[in-house]
Amino acid sequence: MNKKNELEEELSLAIIKLVKLFNSPQKRPPLCPVSLVTSQWQLGNLDYWERFIRDEYEKALSSQPKKIWNFWSNTPSKTTWIDLCSWDGHKREQALRSIEGGAQNRFVLALVCRRLNDWVPQVRQAASEVLSKIIENTDKNDVADVVYFTLSHWSSWKRIDDKSKSILLEVITTPSILDKLKLNLIASPTGPLALIFSQIARKSAIDHFLVDIAHNAIQPSLRAKVYKCLFNKEVSWFNDREWQWTDIRYCKGREMPVIAQRYLTIQVPLVPLLKSAASDRSSIVRRVAAEVLIRELDSLGDESIQLAEQLSLDHAAPVAERGKFALRKIAGSTLF
């Protein structure tokens, strides 16, 4: 049995146990069995797990003995966070409003955040109204993990509104959350980190960590992205999509990305930053350094010769070509 099948079986048994507790005279435990099972899960493939929970929950409910008071099962006293996965929009909204305090674990919080993109407007509204309170009372490590996960997906969400986005973005400004997000960016070797960073960088609170991320992040593409932001003194991000006609006579068009940007709130000396990028272990980052060197030749003075010679000897051909081009430009300028 593979890992996924083990998780499915464990989750299915927990759902059955939860449903049996509904009809039991015994006092319910402080944490529902499903929360205990999902508390250690890695976030991912939530579409699949929502469907699985929904199907197993309905199957478990239908297998229980019919009782005369069974109509009570849809009252608020019987509502749990499991109903966040329901087909019924009323139940999803009711589940959101019935969460007292914080989310029981990060899996539950991730499901709450997904309701910001729900296909029912009333559910999206409910999620927007309760999210701040839930986040405030949820473990901050769980919050950081869920925000990090959500930011990697919400560019594909077409129903989330600006108000809901702003709620999540405000969370980033919390120092404890921001520290955890920074560590995640630095330590993660894979994933759409450049995209996640761009979304986090909507808030200027991240600016003071940019040099640290550029120097220490494991993923080369992220280091290159952050170096570019530092060199350009601005950060940009995917904000939305808008329809653009390509041929209105034939009603042809396509959705185009809308890119937003802001200037950085910090100033980093160019030469030390350029030397650091030129000595990076990845040719992706060194190529960024070579391009900036060519652009900034006139302002670098004697430092430009040393950097151009270093890059011209690089073992990566794209970097070496740019270094040689910089040397030719320097040699040409000295003739006049």
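Shown above is the structure to which this text applies.
This is a predicted model, so every value here is computed, not measured. (Residues numbered from 1 in each chain as written. Predicted model: local features only at pLDDT ≥ 70, side-chain atom pairs only at ≥ 80, totals over all residues. Heavy atoms only, no water.)

Undergrad: Kindly report on a negative patch on the surface, identifying the contributing residues and their values.
TA: Among the surface-exposed residues, Asp161, Asp162, Asp240 and Glu242 lie close enough to one another that they form a single negatively charged patch. Accessibility expressed as a relative area gives 45% for Asp240, which makes it partly exposed. (Patch = residues over 30% accessible without salt bridge, like charges linked within 9 Å, V, L, I, M, F, W, Y side chains within 5 Å. Areas by Shrake-Rupley, 256 points an atom, 1.4 Å probe, with all protein chains shown as cover. Salt bridge = Lys/Arg side-chain N within 4 Å of Asp/Glu carboxyl O. Lys, Arg positive; Asp, Glu negative; His and termini not counted. Charge placed at Lys NZ, Arg CZ, Asp CG, Glu CD. Buried < 20%, exposed > 50% of the residue type's maximum accessible area, 1.4 Å probe, protein only.)

Undergrad: Can you lay out the side chain of Thr138 for me, pointing to particular residues and giving the numbers?
TA: For Thr138, the location among the structural elements is in the loop between helix H6 (121–136) and helix H7 (140–151). Setting aside residues no more than four positions away along its own chain, Thr138 makes contact with Gly102, Ala103, Leu109 and Val143. (Helix = DSSP H or I, 4+ residues; strand = E, 2+ residues; numbered from the N terminus. Contact = heavy atoms within 4.5 Å.)

Undergrad: Explain the environment of Phe52 residue by residue, including any values.
TA: Here Phe52 lies in helix H3 (residues 46–62). What makes Phe52 buried here is its relative accessible area of 13%. Remark: the alpha-carbon pair of Phe52 and Ala289, spanning 237 residues in sequence, is separated by 48 Å. Residue contacts for Phe52: discarding those within four places in its chain leaves Glu8, Leu11 and Ser12.

Undergrad: Quick one: what's the story with empty space enclosed by the protein, residue by residue and with numbers?
TA: Enumeration according to the criterion identifies 1 cavity of 30 Å³ or more in this entry. If you add up the space inside the largest cavity, you get close to 30 Å³. Surrounding the largest cavity, Leu230, Lys233, Leu264, Ile266, Gln267 and Val268 form its lining. The class makeup of the residues in the lining of the largest cavity is 4 nonpolar, 1 polar and 1 charged. (1 Å grid on protein atoms, 1.4 Å probe; cavity = no way out; pocket = protein on both sides within 12 Å on 5 of 7 lines; lining within 4 Å. Points joined across faces, edges and corners; volume = space filled by probe spheres on them. Nonpolar A, V, L, I, M, F, W, Y, C, P; charged D, E, K, R; others polar.)

Undergrad: Quick rundown of the pattern of salt bridges? Include the residues and the values.
TA: In the structure shown here, the tally under the stated rule is 20 salt bridges. With a closest N to O distance of 3.3 Å, Lys182 and Asp212 form a salt bridge. With Lys182 in helix H9 (residues 175–187) and Asp212 in helix H11 (residues 210–216), this pair connects stretches of sequence that are 30 residues apart. Lys182 gets classed as buried once you look at its relative accessible area, which sits at 13%. What makes Asp212 partly exposed here is its relative accessible area of 27%.

Undergrad: Got a sec to walk through the environment of Ser204? Specific residues and values, please.
TA: With respect to the helices and strands, the residue Ser204 is situated in the loop between helix H10 (193–200) and H11. We classify Ser204 as partly exposed; its relative accessible area is 35%. When residues no more than four places from it in sequence are discounted, the contact partners of Ser204 are Arg262 and Thr265.

Undergrad: Quick one: what's the story with unusual backbone geometry, residue by residue and with numbers?
TA: Non-glycine residue Asn45 carries a positive phi angle of around 55°. On the secondary structure map, Asn45 appears in the loop between helix H2 (33–38) and H3. The backbone of Lys233 sits at a positive phi, close to 60°, despite the residue not being glycine.

Undergrad: Account for the packing of helix H13 (residues 270–278) against helix H16 (residues 303–312), with residues named and values stated.
TA: Direction vectors running N to C along H13 and H16 enclose 10°, while the axes themselves pass 11 Å from each other. With respect to H16, the element H13 is oriented roughly parallel. Listed contacts from H16 to Val271, Leu274, Lys275 and Ala278 of H13 are Glu303, Leu307, Gln310 and Leu311. The residue inventory of the contact of H13 with H16, partitioned by class, reads 5 nonpolar, 1 polar and 2 charged. (Axes fitted to C-alpha atoms, helices over the stretch in contact; angles between N-to-C directions. Parallel < 35°, antiparallel > 145°, perpendicular 65-115°, else oblique.)

Undergrad: Any details on the packing of aromatic side chains? Residues and values, ideally.
TA: One pass over the structure, following the stated rule, counts 8 aromatic pairs. Plain terms: the ring middles of Trp41 and Phe107 are 5.5 Å apart, the flat faces sit at 80° to each other, and that makes the pair edge-to-face. Of this pair, Trp41 sits in the loop between H2 and H3 while Phe107 is found in helix H5 (residues 106–114), placing the two residues 66 residues apart along the sequence. Phe107 shares its class with Trp41; the two are buried. What links up through ring pairs into an aromatic cluster is the set Trp41, Tyr48, Trp49, Phe52, Trp81 and Phe107. The side chain of Arg54 reaches across the aromatic face of Trp87, ending 4.0 Å from its centre. One Lys or Arg, Arg92, reaches over the ring of Trp119 and ends 4.1 Å from the middle of that ring. (Phe/Tyr/Trp six-rings, centres within 6.5 Å; stacked < 30°, edge-to-face > 60°. Lys NZ or Arg CZ within 6 Å of the ring centre and 35° of its normal.)

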